[in-house]
Amino acid sequence: DDSGWLANNTWLHKFPFIRVRLSPGMGVVVPSRAYHAVWAEDADRLLLNCFMFPRYKVMEDAPSSSFSFFGRGRQPSLYMALFHLKVSSIARLWDMKKLGGFFEMVKLEFL
């Protein structure tokens, strides 16, 4: 029962909040640019983030591009070019050599 937890965390009532308890084998999809947090009661779990990126400049003029990370003018052109180069290189590593791993995308933020 989560009623006690929610009663002790009244700050959650100040904004829209959805709490979901997942069972083994379940997953959740979070929309782009949605604020979210993942909490776990213990460390006996696997957390996997997967992202689907559009091709370079394809989403710039989409109807909702003014709200998107990929919209025209939301990021500098050089940043987006290097971002897509990095993402496509990582994808090609898997396609050509079946080489996978964990790749952090935040390093690009320091250009």
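Here the structure is shown first, and the text comes after it.
Before going into details, it helps to say that this report is about the structure given with it.

What counts and what doesn't
- Residues numbered from 1 in each chain as written.
- Predicted model: local features only at pLDDT ≥ 70, side-chain atom pairs only at ≥ 80, totals over all residues.
- Heavy atoms only, no water.
- Helix = DSSP H or I, 4+ residues; strand = E, 2+ residues; numbered from the N terminus.
- Buried < 20%, exposed > 50% of the residue type's maximum accessible area, 1.4 Å probe, protein only.
- Areas by Shrake-Rupley, 256 points an atom, 1.4 Å probe, with all protein chains shown as cover.
- Phe/Tyr/Trp six-rings, centres within 6.5 Å; stacked < 30°, edge-to-face > 60°.
- Salt bridge = Lys/Arg side-chain N within 4 Å of Asp/Glu carboxyl O.
- Contact = heavy atoms within 4.5 Å.
- Patch = residues over 30% accessible without salt bridge, like charges linked within 9 Å, V, L, I, M, F, W, Y side chains within 5 Å.

Once that is clear, we can look at the overall build of the protein chain. Looking only at helices and strands, the protein chain features two helices and zero strands. Counting every position in the protein chain, which comprises 111 residues, the buried fraction comes to 14%. Carbon and sulfur atoms make up 61% of the accessible area of the protein chain, which totals about 10,200 Å².

Now for the packing of aromatic side chains. This model, assessed by the stated rule, comprises one aromatic pair. Centroid distance Y79 to F83: 6.3 Å. Interplanar angle 15 degrees. Geometry classified as stacked. Of this pair, Y79 and F83 both sit in helix α2 (residues 77-97), four residues apart, which is roughly one turn of the helix. Judged by its relative accessible area of 5%, F83 is buried.

Here we come to the pattern of salt bridges. Taken as a whole, this structure holds two salt bridges when the rule is applied. When the shortest N-O distance is used, the salt bridge between R72 and D61 registers 2.7 Å. Of this pair, R72 sits in the loop between α1 (3-8) and α2 while D61 sits in the loop between α1 and α2, and the two are eleven residues apart along the sequence. Per residue, the accessibility class of R72 equals that of D61, and both read exposed. What emerges from the salt-bridge pattern is a single network uniting E60, D61 and R72.

Glancing now at unusual backbone geometry. Although it is not a glycine, K57 sits at a positive phi angle of roughly 65 degrees. When you line up the elements, K57 lands in the loop between α1 and α2. Here the phi dihedral of K98 falls at roughly 55 degrees; this positive angle occurs in a residue that is not glycine. Examined against the element boundaries, K98 turns out to sit in the segment after α2.

With that settled, the discussion passes to the side chain of H84. Within the fold, H84 resides in helix α2. Look past the residues within four positions of H84 in its chain and what remains in contact with it is P54, R55, Y56 and F70.

Moving on, we get to a nonpolar patch on the surface. Where nonpolar side chains cluster on the molecular surface, the patch consists of I18, V20, L22, M26, V28 and V30 and spans about 590 Å² of accessible area. Position of L22 relative to the elements: it lies in the loop between α1 and α2.

So far we have only geometry, and geometry alone does not tell us how the molecule works.
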